[in-house]
Amino acid sequence: MLIPPQFALNEPQALHRIIRDHPLGMLVTQPAGALDANHIPFELDPEVGELGALTAHVDRANPVWQHSADGSEVLIVFRGNEGYISPSWYPSKHETHRAVPTWNYQVVHVRGTLMVRDDEKFVRGMVARLTRRHESSESKPWKMGDSAPGFITDMLRKIVGLEISISHLQGMSKLSQNRETRDLQGAIKGLRMKGQVSLADLMDIHSRPRGFTQM
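Definitions and cut-offs
Residues numbered from 1 in each chain as written. Predicted model: local features only at pLDDT ≥ 70, side-chain atom pairs only at ≥ 80, totals over all residues. Heavy atoms only, no water. Helix = DSSP H or I, 4+ residues; strand = E, 2+ residues; numbered from the N terminus. Core = buried A, V, L, I, M, F, W, Y, C linked by side-chain atoms within 4.5 Å. Buried < 20%, exposed > 50% of the residue type's maximum accessible area, 1.4 Å probe, protein only. Contact = heavy atoms within 4.5 Å. Pairing = 2+ DSSP bridges. Expected span 1.5 Å × (residues − 1).

Novice: Is there a simple way to think about unusual backbone geometry in this case?
Specialist: It is generally the case that most residues other than glycine have a negative phi and that most peptide bonds are trans. Although it is not a glycine, His-97 sits at a positive phi angle of roughly 55°. Of note in this structure, Ser-176 is not a glycine but carries a positive phi near 65°. If you trace the backbone, Ser-176 turns up in the loop between β8 (159-174) and α6 (181-193).

Novice: Which parts of the structure should I look at to understand the nonpolar core?
Specialist: Inside soluble globular proteins, nonpolar side chains tend to come together where they are buried. With 27 residues, the main nonpolar core has Phe-42, Leu-54, Ile-76 and Val-110 as its most contacted residues. Here this core gets five residues from one element, more than from any other, and that element is β8. Not counting residues up to four positions away in its chain, the partners in contact with Leu-54 are Ile-19, Phe-42, Glu-43, Leu-44, Ile-76, Phe-78, Val-110, Leu-162, Glu-163, Ile-164 and Ile-166.

Novice: Hey, could you run me through the environment of Asp-146 in this one?
Specialist: Mapped onto the elements, Asp-146 comes out in the loop between α4 (120-135) and α5 (149-157). Sequence-wise, Asp-146 and Asn-81 are 65 residues apart; in three dimensions their C-alpha atoms are separated by 34 Å.

Novice: I would appreciate a short explanation of the pairing of strand β5 (residues 53-59) in the present structure.
Specialist: Within a regular strand, the side chains alternate between the two sheet faces. For β5, a buried count of five out of seven residues is recorded, marking the element as mostly surrounded by other parts of the structure. Where strand β4 (residues 43-45) meets β5, three bridges bridge the pair, whose relative direction is antiparallel. Note on β5: the bridge partner recorded for Asp-45 is Ala-53.

Novice: Looking at this structure, how should I read α6?
Specialist: Each α-helix winds once per 3.6 residues, and so residues spaced three or four apart point in a common direction. Helix length check: α6 (13 residues) gives 18 Å between terminal C-alpha atoms against 18 Å at 1.5 Å per residue, within 8%. Among all positions of α6, only Asp-183, Leu-184, Gly-186, Ala-187, Ile-188, Gly-190 and Leu-191 are buried. Tucked into the core, α6 has its buried residues touching β6 (72-85) and α7 (197-205). Just downstream of α6 lies Gly-195, where phi reads positive at about 85°.

In structure tokens form, the structure reads like this:
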């Protein structure tokens, strides 16, 4: 991934935050030389190794766990907030007419080695952690104990666990850092008017480096 220096995101904590906030990752594998992609919700454990580890599960009918040997290198892509930026939102555009449309976004690329975890204990613990996290905001959180034990055991037999040890993290945060302040604020206002509040808020809270050439 080409990352201009002004958009580089290097801090592991910031990269981990995007993964946690946007856990649906695209797992890219290359079984027998043919590219394949699966869209899977991941759980991040930042305490494993130097960069952390990811766990997930797939349906037993999904061939990804059979076609990817243990130790295979994989790529997982996590996409954060994103949105179209109109040049009409820039005050400078109306003076110079030298601006073009662009797209703002945050993205994280994770590289690591894949291990298939086809054992009930691992899968049960992983599903419990995943549901605890995503159910935590519910008024009455669902938990596996709400269902009959036999039903849960049967469902767990139908999935296979995956574990990825992270070897490399790479991120890009393109949030109009290359624009002058009035253009940045114009873009934030334009996004808010379109209802894209999350991206506008993200651009608003990020500090803005100076001295970059506009792109």
